[in-house]
Amino acid sequence: MGTLLAIFVPPLSVLLNARNTFLAFVASLLFCMLGFIPGIIHAFVVRSARIDRETQEAATSELKKQTAIMEGDEKELKKIKDKEQEDKIVKVLTPFVFLAGLGYLIYSLSQSVPM
């Protein structure tokens, strides 16, 4: 899904994958105006950076979890599990919140345009 989005709608892909969303989104729009291929390349670079960041965070989390297990630190282990659960919830809800906001924006713009 992410790859198709990066190819067909690069600014939207950047908006969903970037850490500094507004700046990256504006840069993506500029790249797309310069030519569609630079916009696609930028979308893939941003997506790749996100995947690298998530991989590094997962490895760090797993290392902390294994250390807490070895040391028998129940409090730290509970904190790590709570953080993992919170991350799962955020990952599931983010697209829905984005689509709800986009739907509201489209609805409010359609109401302000006289017919």
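An unreviewed UniProt entry lists the protein chain under the name YqaE/Pmp3 family membrane protein, from Candidatus Thiodiazotropha taylori. As stated in UniProt under Sequence similarities (unreviewed entry), the record for the protein chain gives "Belongs to the UPF0057 (PMP3) family." Per its UniProt entry, the protein chain bears the Subcellular location (unreviewed entry) comment "Membrane".

### Here we look at the pattern of salt bridges
Under the definition given, this model contains 6 salt bridges. Residue arginine 50 is joined to glutamate 54 by a salt bridge in which the shortest nitrogen-to-oxygen separation is 2.9 Å. Of this pair, arginine 50 and glutamate 54 are both found in helix H4 (residues 36–71), 4 residues apart, which corresponds to roughly one turn of the helix. Lysine 65 is the salt-bridge partner of glutamate 84, the closest N and O atoms lying 3.2 Å from each other. Within this pair, whereas glutamate 84 is found in helix H5 (residues 74–112), its partner lysine 65 is found in helix H4, the two being separated by 19 residues in sequence.

### Section: the UniProt feature "transmembrane region" (unreviewed entry) in the protein chain
When the UniProt feature table is mapped to this numbering, "transmembrane region" (unreviewed entry) covers residues 22–46 and 89–107. Counting secondary structure, residues 22–46 comes out at 96% helix and 0% strand; the distance between its end C-alpha atoms is 13 Å. Along residues 89–107 one finds 100% helix and 0% strand; the C-alpha atoms at either end are 27 Å apart.

### So, a nonpolar patch on the surface
Taken together, the side chains of Leu4, Ile7, Phe8, Val9 and Phe44 define a hydrophobic patch exposed on the protein surface, amounting to about 450 Å² of accessible area. With 3 residues, helix H1 (residues 2–8) is the largest single contributor of residues to the nonpolar patch. Overall, valine 9 belongs to the partly exposed group, its relative accessible area being 37%.

### Remarks on the nonpolar core
By size, the foremost hydrophobic cluster in this structure holds 6 residues: Ala6, Val14, Ala18, Ala24, Ala43 and Val46. Among residues more than four places away in sequence, those in contact with alanine 6 are Ser13, Ile40, Ala43 and Phe44.

### Section: the side chain of serine 13
With respect to the helices and strands, serine 13 occurs in helix H2 (residues 10–17). Residue classification places serine 13 among the buried positions, given a relative accessible area of 1%. Setting aside chain neighbours within four positions, we find serine 13 in contact with Gly2, Leu5, Ala6 and Ala43.

### A word on the packing of H2 against helix H3 (residues 21–34)
H3 packs onto H2 with a crossing angle of 165° between their chain directions and a minimal axis gap of 8 Å. In this view, H2 runs roughly antiparallel relative to H3, as classed from their interaxial angle. Every pair of crossing elements has a handedness; the one defined by H2 and H3 is right-handed. Facing H2, whose interface residues are Pro10, Pro11, Val14 and Leu15, H3 presents Thr21, Ala24, Phe25, Ser28, Leu29 and Cys32. For the contact of H2 with H3, the residue count by class is 8 nonpolar, 2 polar and no charged.

### Description of the confidence of the model for the protein chain
Per-residue confidence for the protein chain gives a mean pLDDT of 87; residues scoring 70 or more make up 99%. Confidence scores differ between elements of the protein chain, with H5 showing the lowest mean pLDDT of 85 and H4 the highest of 90.

Analysis parameters
Residues numbered from 1 in each chain as written. Predicted model: local features only at pLDDT ≥ 70, side-chain atom pairs only at ≥ 80, totals over all residues. Heavy atoms only, no water. UniProt positions renumbered as here; feature names shortened; annotations may be inferred. Salt bridge = Lys/Arg side-chain N within 4 Å of Asp/Glu carboxyl O. Helix = DSSP H or I, 4+ residues; strand = E, 2+ residues; numbered from the N terminus. Patch = residues over 30% accessible without salt bridge, like charges linked within 9 Å, V, L, I, M, F, W, Y side chains within 5 Å. Areas by Shrake-Rupley, 256 points an atom, 1.4 Å probe, with all protein chains shown as cover. Buried < 20%, exposed > 50% of the residue type's maximum accessible area, 1.4 Å probe, protein only. Core = buried A, V, L, I, M, F, W, Y, C linked by side-chain atoms within 4.5 Å. Contact = heavy atoms within 4.5 Å. Axes fitted to C-alpha atoms, helices over the stretch in contact; angles between N-to-C directions. Parallel < 35°, antiparallel > 145°, perpendicular 65-115°, else oblique. Left-handed = near helix turned anticlockwise from the far one by under 90°. Nonpolar A, V, L, I, M, F, W, Y, C, P; charged D, E, K, R; others polar. pLDDT = per-residue confidence, 0-100.

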